[in-house]
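Structural overview
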Amino acid sequence: MENKPANRIQDYLVFGEFGGVNPSITDSSTFTFLTSEKMSEIFEHEIEGCYLYSRHMNPMNQFLSDALALLENTPDAHVFASGMGAISCTALQICSAGDEIVSSRTVYGGTFALFKNIFPKLGIKCNFVDIINLEEVEKAITSKTKMIYCETMSNPMLEVANLPELRKLADKYNCKLVVDNTFTPMVISPYHHGAHIVIHSLTKYINGASDTVGGCVCADKEFIASLKDVNSGYAMLLGPTMDSLRAAGILKNLRTLHIRMAQHSKNASYIANKLKALGLDVIYPEHENHPQHNLMKQMMNKGYGFSGMLTLDVKTDEIATKLMPMMQDNLIGYFAVSLGFYKTLFSAPSHSTSSEIPDDMKDQIGMKGSLIRFSFGLDFDIERTYERIEYCLKNVGLI
Ligand code: PLP
């Protein structure tokens, strides 16, 4: 059956107090009880519709969590104050001292630094692999491996992970497949293709306004309950709690995600084709020469395109250094990290979001200083944007 995330979000109807069309924001950190028995009971197990303390859960965060579970079609979800909060709590919930992680080497720089620099101090070892090379992934798995970790579409090389094959490996070695779907919400539904757990940085496409950070974990009920457990849940006890006012804003923005994803993709596709026609070195998964083009076509949902991310190699670091502020001066967008904003954002990952990755690994991945990552915005007139880009490319002597 065809997977339709936009329809599931559309059919999610929540009423506010007094019949509001948006759920009411609960402006409370703690909640009252009418009997002592009920208060004791909630410390033992969750009671539907009953709240204890906002770090554990509150009504507004629950509404957003429910909507995100519908987005990814998972039985349950939980929101966090940031994407890194979601990633660190998930990994710690799965792995303890002595355990191992097999992670793609092309992950967001912060995730890479967490696995490489912090987890070894806690006794958790991480083996970084080329996630496209399934033999290499299998070889890196040991009896201690508890988690295979990757991004659906990797940051910033835009490699697409073969989720069904990775799930087979996870099943064979009894570990969890955890997938960061930040680059491709609605475009790909990892849970449908085998992921046990799907993570998002809500900071990016899902919120889409670059006004807050946020994260979520979408998974089965058992895993989400384990994160919230008052005695052993990392979400509950490390405390990366989303503020309910922010949750209300993110839920409203989630309502337009399907339209935004389609427009981001349309704009990125237009520019990718134009840059390719100029003979430039572009990475965009819609192009047939992208190594995982066919895999992406098999996994993607209809109607949202190939996402709004595009990587361009401008040949030298010097050109990249000159080009990015020039593009900002020419109103193409902002020279800034992050992605999924309604304006175009661009930066050189090697010197910014992936600077945590060591130089030898960058060489192996092909992540040069001359690579510029674009997150295309919602421009109405993308032809005009292209003319501006062309002007800048001529100005730096690239074309
Ligand atoms: N995952 C990906 C793919 C990212 O790009 C980022 C941030 O850039 C994160 C996770 C971390 O999310 P946050 O900044 O919301 O903590």
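Fair warning: this is a prediction, and the values are worked out from it, not measured in the lab. (Residues numbered from 1 in each chain as written. Predicted model: local features only at pLDDT ≥ 70, side-chain atom pairs only at ≥ 80, totals over all residues. Heavy atoms only, no water.)

Let's shift gears to the side chain of Ser 201. With respect to the helices and strands, the residue Ser 201 is situated in strand β6 (residues 197-201). Of the polar contacts made by the side chain of Ser 201, one reaches the side chain of Thr 203; its length is 3.1 Å. Excluding residues within four positions of it along the chain, Ser 201 makes contact with Gly 83, Thr 182, Gly 214 and Gly 215. (Helix = DSSP H or I, 4+ residues; strand = E, 2+ residues; numbered from the N terminus. Polar contact = N/O pair within 3.5 Å; in protein donor to acceptor, adjacent residues only side chain to side chain. Contact = heavy atoms within 4.5 Å.)

A word on the sheet that holds strand β12 (residues 371-375). One open sheet accounts for five strands, arranged β8-β9-β12-β11-β10; its pairing is mixed. Of all strands in the sheet, those with a lone pairing partner are β8 (281-283) and β10 (334-335), marking the two edges. Direction of pairing for strand β11 (residues 345-347) relative to β12: antiparallel, over a ladder of three bridges. Its bridge partner lying in β12, Leu 345 is registered against Ser 375. Where helix α11 (residues 257-277) meets the sheet, it contacts β8 and β9 (309-313), and its direction lies at approximately 20° from that of β9. (Pairing = 2+ DSSP bridges. Axes fitted to C-alpha atoms, helices over the stretch in contact; angles between N-to-C directions.)

A separate point is the environment of Leu 71. Residue placement: Leu 71 occurs in helix α3 (residues 59-72). When the C-alpha atoms of Leu 71 and Cys 218 are compared, they prove to be 9.1 Å apart, with 147 residues separating the residues in sequence.

This part takes up the pattern of salt bridges. Scanning the model with the defined rule gives 10 salt bridges in all. Note that Asp 171 is salt-bridged to Arg 167, the shortest N-O span being 3.0 Å. Linking Asp 171 with Arg 167, this pair stays in helix α7 (residues 163-172), spanning four residues, or about one helical turn. The exposure class assigned to Asp 171 is partly exposed, which follows from its relative accessible area of 47%. Lys 362 is paired through a salt bridge with Asp 359; the nearest N and O atoms lie 3.9 Å apart. (Salt bridge = Lys/Arg side-chain N within 4 Å of Asp/Glu carboxyl O. Buried < 20%, exposed > 50% of the residue type's maximum accessible area, 1.4 Å probe, protein only.)

Scanning the entire structure with this criterion turns up nine aromatic pairs. Ring geometry for Phe 115 versus Tyr 149: centroids 5.1 Å apart, planes at 90°, classification edge-to-face. With Phe 115 in helix α5 (residues 109-118) and Tyr 149 in strand β4 (residues 145-151), this pair connects stretches of sequence that are 34 residues apart. The buried category is assigned to Tyr 149, whose relative accessible area is 1%. When the centroid spacing of 4.3 Å and the interplanar angle of 40° are considered together, the rings of Phe 341 and Tyr 342 count as tilted. Using a relative accessible area of 10% as the deciding quantity, one classes Phe 341 as buried. The class for Tyr 342 is partly exposed, based on a relative accessible area of 44%. (Phe/Tyr/Trp six-rings, centres within 6.5 Å; stacked < 30°, edge-to-face > 60°.)

This part covers the side chain of Glu 72. Note that Glu 72 resides in helix α3. Among residues more than four places away in sequence, those in contact with Glu 72 are Arg 8, Asn 181, Ile 188, Ser 189, Pro 190, Tyr 191, Val 198, His 200 and Cys 218.

Looking now at the domain arrangement of the chain. Examined at the domain level, the chain breaks down into domain 1 (5-254) and domain 2 (261-395). Put simply, the middle of domain 1 and the middle of domain 2, counted by C-alpha atoms, are 27 Å apart. In this assembly, 39 residues from domain 1 lie in contact with 39 residues from domain 2. Here domain 1 and domain 2 share an interface that buries about 3,200 Å² over both sides, 68% of which is from carbon and sulfur atoms. Looking at the side of domain 1 facing domain 2, the largest losses of area belong to Met 157, Val 187 and Tyr 205, adding up to 22% of the total buried there. (Domains from an automatic or database assignment. Buried area = accessible area lost by both parts, 1.4 Å probe.)

With that settled, consider helix α4 (residues 83-94). Over its 12 residues, α4 extends 17 Å from the first C-alpha to the last, a length consistent with the 16 Å expected when each residue adds 1.5 Å. Within α4, 11 of the 12 residues are buried, leaving the element largely enclosed by the surrounding structure. Restricting attention to buried positions, one finds in α4 the residues Gly 83, Gly 85, Ala 86, Ile 87, Ser 88, Cys 89, Thr 90, Ala 91, Leu 92, Gln 93 and Ile 94. Where α4 begins, the side chain of Ser 82 points an oxygen toward the backbone nitrogen of Met 84, at a separation of 3.4 Å. (Expected span 1.5 Å × (residues − 1).)

Further remarks concern the nonpolar core. Membership of the largest hydrophobic core comes to 87 residues, with the highest contact counts inside it found for Leu 68, Leu 275 and Leu 310. Mapped onto the domain boundaries, this core takes at least three residues apiece from domain 1 (5-254) and domain 2 (261-395). In contact with Leu 68, not counting residues within four places along its chain, are Ala 77, Val 79, Leu 202, Ile 206, Cys 216, Cys 218 and Leu 254. In this structure, Cys 89, Ile 94, Ala 219 and Leu 227 belong to the second largest nonpolar core, which totals 34 residues. (Core = buried A, V, L, I, M, F, W, Y, C linked by side-chain atoms within 4.5 Å.)

Below, the discussion takes up helix α13 (residues 317-329). One turn of the α-helix equals 3.6 residues, which is why residues spaced by three or four share an orientation. Helix length check: α13, at 13 residues, gives a terminal C-alpha distance of 19 Å against a target of 18 Å (1.5 Å per residue), a fit within 8%. Of all the positions in α13, only Ile 319, Ala 320, Leu 323, Met 324, Met 326 and Met 327 are classed as buried. Residues of α13 that are buried make contact with β10, β11, β12 and α15 (382-395).

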